[in-house]
Amino acid sequence: QQQVKQSPQSLIVQKGGISIINCAYENTAFDYFPWYQQFPGKGPALLIAIRPDVSEKKEGRFTISFNKSAKQFSLHIMDSQPGDSATYFCAASPPGFQKLVFGTGTRLLVSP
Amino acid sequence: GAVVSQHPSWVICKSGTSVKIECRSLDFQATTMFWYRQFPKQSLMLMATSNEGSKATYEQGVEKDKFLINHASLTLSTLTVTSAHPEDSSFYICSALPRETGNQPQHFGDGTRLSIL
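Nothing here was measured: the structure is a model prediction, and the numbers come from that model.

Trainee: What should I look at first to understand the sheet that holds strand β3 (residues 19–25) of chain A in this one?
Mentor: Hydrogen bonding along the main chain pairs the strands of a sheet, whether they run parallel or antiparallel. Residue and element names in this part refer to chain A. With respect to topology, 5 strands assemble into an open sheet ordered β1-β3-β8-β7-β6, the strand pairing being antiparallel. Only two strands of the sheet have a single neighbouring strand rather than two, namely β1 (4–7) and β6 (56–59). Direction aside, neighbouring strands of the sheet carry axes that sit 15° apart on average.

Trainee: Explanation requested: the state of the cysteines in the structure shown.
Mentor: By definition, a disulfide links the sulfur atoms of two cysteines through a covalent bond. Residue and element names in this part refer to chain B. Inspection of the entire model under this criterion finds 2 disulfides over all chains. There is a disulfide in this structure between Cys23 and Cys94, and the S-S distance comes to 2.0 Å. On the sign convention where negative means left-handed, the S-S torsion of about 80° between Cys23 and Cys94 marks this disulfide as right-handed. Highlighted residues: Cys23 in strand β3 (residues 19–25) and Cys94 in strand β9 (residues 90–98), separated in sequence by 71 residues. Cys23 gets classed as buried once you look at its relative accessible area, which sits at 0%. Cysteine Cys13 remains unbridged, with the sulfur of Cys94 as its closest cysteine sulfur at 18 Å. What makes Cys13 buried here is its relative accessible area of 13%.

Trainee: What's the story with the layout of surface pockets in this structure? I'm lost.
Mentor: Left-over empty space is what a probe sized like a water molecule reveals as it rolls over the atoms. In this structure, the largest pocket encloses a volume near 560 Å³. Together, 26 residues line the largest pocket, and A:Thr87, A:Arg107, B:Pro40, B:Lys41 and B:Gln42 are the ones closest to its centre. Those elements giving two or more residues to the lining of the largest pocket turn out to be β9 (86–92) and β11 (106–111) of chain A together with β9 of chain B. Counting residues per element, the lining of the largest pocket draws most heavily on β11(A), which supplies 4 residues. Of the residues that constitute the lining of the largest pocket, the class distribution is 9 nonpolar, 13 polar and 4 charged. By volume, the second largest pocket is sized at about 400 Å³.

Trainee: Sorry if this is basic, but what is going on with the sheet that holds strand β8 (residues 76–81) of chain B here?
Mentor: Residues and elements named next belong to chain B. Judged by pairing direction, the sheet is antiparallel, and its 4 strands sit side by side in the order β1-β3-β8-β7 without closing on themselves. With one partner strand each, in any of the chains shown, β1 (4–7) and β7 (67–73) form the two edges of the open sheet. Each adjacent strand pair in this sheet contributes to an overall mean axis angle of 15°, direction not counted. Pairing analysis gives 5 bridges linking β7 to β8, with the strands arranged antiparallel. Pairing of Asn70 across the sheet is with Thr78, part of β8.

Trainee: Is there a simple way to explain the pairing of strand β5 (residues 44–51) of chain B in this structure?
Mentor: Here is the key point about a regular strand: its side chains alternate between the two faces of the sheet. Residues and elements named next belong to chain B. Counting buried positions along β5 yields 6 of 8 residues, so the element is predominantly enclosed. Sheet topology note: the strand β4 (residues 30–38)/β5 ladder contains 7 bridges and is antiparallel. Paired with Tyr36 across the strands is Leu46, a residue of β5. Following β4, the chain reverses through 5 residues before pairing antiparallel with β5; Lys41 in that reversal takes a positive phi of roughly 60°. The pairing of β5 with strand β6 (residues 57–58) spans 2 bridges and is classified as antiparallel. Within β6, the position partnered with Ala48 by the bridge is Tyr58. Two successive antiparallel strands, β5 and β6, enclose a turn made up of 5 residues, where Gly53 displays a positive phi of approximately 80°.

Trainee: What is the right way to read the packing of aromatic side chains from this model?
Mentor: Residues and elements named next belong to chain A. Under the definition given, this model contains 16 aromatic pairs over all chains. Look at Phe66 and Phe73: their rings are 6.5 Å apart centre to centre, the planes differ by 40°, and that puts the pair in the tilted class. On the basis of relative accessibility, which here comes to 7%, the residue Phe66 falls in the buried class. Three or more aromatic residues link up through ring pairs in this structure, and these residues are Tyr25, Phe30, Phe33, Trp35, Phe66 and Phe73.

Trainee: Would you mind going over the interface of chain B and chain A with me for this structure?
Mentor: Interfaces are often described in size by the accessible area the parts lose on coming together. Facing the 23 residues of chain B at the interface are 20 residues of chain A. For the pair chain B and chain A, the summed buried area comes to about 1600 Å², and 53% of that belongs to carbon and sulfur atoms. Viewed at the interface, chain A and chain B are joined by 2 salt bridges. Across the pair A:Lys42 and B:Asp110 runs a salt bridge, and its minimum N-O distance is 3.8 Å.

Procedures and definitions
- Residues numbered from 1 in each chain as written.
- Chains lettered and ligands numbered in written order.
- Predicted model: local features only at pLDDT ≥ 70, side-chain atom pairs only at ≥ 80, totals over all residues.
- Heavy atoms only, no water.
- Pairing = 2+ DSSP bridges.
- Helix = DSSP H or I, 4+ residues; strand = E, 2+ residues; numbered from the N terminus.
- Axes fitted to C-alpha atoms, helices over the stretch in contact; angles between N-to-C directions.
- Disulfide = S-S within 2.5 Å.
- Buried < 20%, exposed > 50% of the residue type's maximum accessible area, 1.4 Å probe, protein only.
- 1 Å grid on protein atoms, 1.4 Å probe; cavity = no way out; pocket = protein on both sides within 12 Å on 5 of 7 lines; lining within 4 Å.
- Points joined across faces, edges and corners; volume = space filled by probe spheres on them.
- Nonpolar A, V, L, I, M, F, W, Y, C, P; charged D, E, K, R; others polar.
- Phe/Tyr/Trp six-rings, centres within 6.5 Å; stacked < 30°, edge-to-face > 60°.
- Contact = heavy atoms within 4.5 Å.
- Buried area = accessible area lost by both parts, 1.4 Å probe.
- Salt bridge = Lys/Arg side-chain N within 4 Å of Asp/Glu carboxyl O.

What follows is the structure in structure tokens.
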């Protein structure tokens, strides 16, 4: 019940295209859903996060869509650029419970 | 703001030695820090939660005598891998929660690559 399932495992998108990564969870107590970007040899960096009181959050080219009833959330990267090539992790955390449960990761490659 | 620094970034040592990794919050105080382990092409696996002034809480399956954690101040937590062996080779990452919020988001360091020969 603590798992967060992430798909796809890898993704190739052409420059300028839209990258979409999906995550699903089981624990309805989760109330914080961040996305992290990780480059090789570096730690994860927070991209964008959402709480379940909204269905969508947008920051620049990055958008989180959240479907509470389906227990799913997704990351959309608009106008994908080669510099976006990295591994993306979704995560979730229940209230007052500071641990994060991470998804398995998606390796994104944006071709020039 | 919210910078977390790890040192060293890369360490190679012989089997049987102990290695200490430092995690510092540079511009904020952190009552809670986390230690993760990441194998190549895999996700982050939480090893333990470190709280300032108290004993760390280890995740199931993580040997507390093998991975010693000390959180002696509001800006520093250390992970010591004792009697390291080749199977301990991995990428170790720490994160910290700001004291003023006590909650998400976690801010991550850039990791320490540990190679045991």
